[in-house]
Amino acid sequence: MLDNFQITGEVKICEDFHIKETDVFDPADFISILEGDLLGVMMRDYVSAPDCATICKNFETYDGRYTRGADAPAIYAGTYHYHKELAQYFDEAEAANRTLPKLFDRAADPVARFRAGMQAALDARGRAFRSARWNNQDACQFVMRKWTDTGSFSLKPHDDEAQCKDPRQSEFEIQEALAENALCAINICLQNDEGGQLRIWNIRPDDATRARLGLETTGSPYPTELLADVPYVDIAIRPGDLYAFDGRYVHAVTQLGAGGGATRATLAFLLAHKGRDETIQWS
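Definitions and limits used
- Residues numbered from 1 in each chain as written.
- Predicted model: local features only at pLDDT ≥ 70, side-chain atom pairs only at ≥ 80, totals over all residues.
- Heavy atoms only, no water.
- Helix = DSSP H or I, 4+ residues; strand = E, 2+ residues; numbered from the N terminus.
- Buried < 20%, exposed > 50% of the residue type's maximum accessible area, 1.4 Å probe, protein only.
- Lys, Arg positive; Asp, Glu negative; His and termini not counted.
- Salt bridge = Lys/Arg side-chain N within 4 Å of Asp/Glu carboxyl O.
- Polar contact = N/O pair within 3.5 Å; in protein donor to acceptor, adjacent residues only side chain to side chain.
- Contact = heavy atoms within 4.5 Å.
- Core = buried A, V, L, I, M, F, W, Y, C linked by side-chain atoms within 4.5 Å.
- Pairing = 2+ DSSP bridges.
- Axes fitted to C-alpha atoms, helices over the stretch in contact; angles between N-to-C directions.

Peer 1: Even after reading the chapter, I still don't get the side chain of arginine 115, so can you show me in this structure?
Peer 2: With respect to the element layout, arginine 115 can be found in helix H4 (residues 110-124). Salt bridges are absent for the buried arginine 115, whose nearest opposite-charge side chain, aspartate 138, sits at 6.9 Å. Within polar-contact distance, the side chain of arginine 115 engages the side chain of glutamine 281 at 2.8 Å. Those residues in contact with arginine 115 that lie beyond four places of it in its chain are Phe129, Arg130, Ser131, Gln141 and Gln281.

Dropping the structure here:
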């Protein structure tokens, strides 16, 4: 079926296919990703080591944890819109948003810090920054996940764009936003014992590719053999790092500790510009 098949889509010229590294929180970097001018940014030491440890400890006793299956094996807090009816996602989001702050008991809230910084920067540009909405309900602010996959990828090659095209979510404003704008995936690493690099390939698959592979509304997983000749970058991830990138490009998380037993935990959410005067966030 895949003989002589190539993934087609958008690629960046060589000099634009890189991740900016910094130790300074600058909202302009994330705005550049949202506007399609920057592939990604890695900010080191965004969360202190004591706060990383405290949040992970709070996660272990958090009442709302659940397990996601084979598509993205992990233990989660919060909820995600992937492959759900809108009513289900937003009801889950409403419940999660009430209890997720417990994860930050006795620790600084890194998501609130990010939102405050982005709000100030976007306000200066005449943009409102808010949670995505549907039916007067707010999207979930983030998910926290602890990886459980021990395969060659702890998170298989995928893109984040396809899931946002699910026809069951045609009334969700993210579809309007992403029709014209980039998709910025935000991740905050809290624990990463060994391995677990972020890998991004220089390909944003088109709809024809997804249709041929049956990934129209999932974007996952892309067969690794189809990516063998596609240029990629690997980015080492450390606890405390905040990293963001254009989630429309195929990406994955490499194997956690080849010997088994390694752990990775992150906070994650998505952003997109909507129209000329709003930027929205969801999970």
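Following the structure, the description resumes.
Peer 1: So what exactly am I meant to see when it comes to unusual backbone geometry here?
Peer 2: Trans peptide bonds make up the majority, and among non-glycine residues the majority have a negative phi. The linkage connecting serine 220 with the following residue, proline 221, adopts the cis geometry, with an omega of -10 degrees. Turning to its location among the elements, proline 221 is positioned in the loop between helix H6 (207-213) and strand S14 (232-235). Of note in the backbone geometry, aspartate 45 takes a positive phi value of approximately 60 degrees without being a glycine. On the secondary structure map, aspartate 45 appears in the loop between strand S3 (40-43) and helix H2 (49-60). Among the residues examined, aspartate 45 registers a relative accessible area of 56% and is labelled exposed. Positive phi values are uncommon outside glycine, yet asparagine 135 reaches one of about 55 degrees. Its place among the elements puts asparagine 135 in the loop between strand S7 (133-134) and strand S8 (137-138).

Peer 1: Teacher, can you tell me more about the environment of valine 233 here?
Peer 2: Turning to its location among the elements, valine 233 is positioned in strand S14. Residues valine 233 and asparagine 136, 97 residues apart in the sequence, show an inter-C-alpha distance of 40 Å.

Peer 1: Please clarify how the nonpolar core should be interpreted in this entry.
Peer 2: Counting residues in each nonpolar core, the largest one holds 71 residues, and the members touching the most others are Phe114, Met144 and Trp282. Counting 13 residues, the second-largest nonpolar core is a separate cluster that includes Phe5, Trp201, Leu213 and Leu227.

Peer 1: Honestly, the pairing of strand S16 (residues 251-254) in this entry has me stumped. Any pointers?
Peer 2: Regular strands have side chains that alternate between both faces of the sheet. The side-chain alternation of S16 yields two buried faces, one formed by His251 and Val253 and the other by Ala252 and Thr254. Note: strand S10 (residues 153-158) against S16, three bridges, orientation antiparallel. Bridge pairing in S16 places phenylalanine 153 opposite threonine 254. Relative to S16, strand S12 (residues 198-201) runs antiparallel, the two being bridged by three bridges. Bridging across to S16, leucine 198 finds its partner in valine 253.

Peer 1: Whenever I open this one, the pattern of salt bridges confuses me. Can you help?
Peer 2: Opposite charge on two side chains makes pairing possible when the charged atoms of those side chains draw close. Counting across every chain of the model gives 21 salt bridges. Among the ionic pairs, glutamate 60 bridges to lysine 146, the shortest N-O distance being 3.1 Å. Pair noted here: glutamate 60 is in helix H2 and lysine 146 is in strand S9 (residues 143-147), with a separation of 86 residues, a long-range link. On the basis of relative accessible area, glutamate 60 is assigned to the partly exposed category, the value being 39%. The salt bridge partner of arginine 248 is aspartate 246, with a shortest N-O separation of 2.8 Å. There is no split in this pair, since arginine 248 and aspartate 246 are both buried.

Peer 1: Got a minute to help me understand the sheet that holds S10 in this structure?
Peer 2: Where strands meet in a sheet, backbone hydrogen bonds hold them as pairs that are either parallel or antiparallel. Taking strand neighbours across the sheet as the criterion, the four strands line up as S10-S16-S12-S14 in an open arrangement whose pairing is antiparallel. In this open sheet, the two edge strands, each paired with only one partner strand, are S10 and S14. Neighbour-to-neighbour, the strand axes of this sheet turn through a mean angle of 20 degrees, independent of strand direction. Bridging between S12 and S14 involves four bridges; their strand directions are antiparallel. Paired with leucine 198 across the two strands is isoleucine 235, which belongs to S14.

Interpretation note: all reported values are geometric properties and have no functional meaning in isolation.
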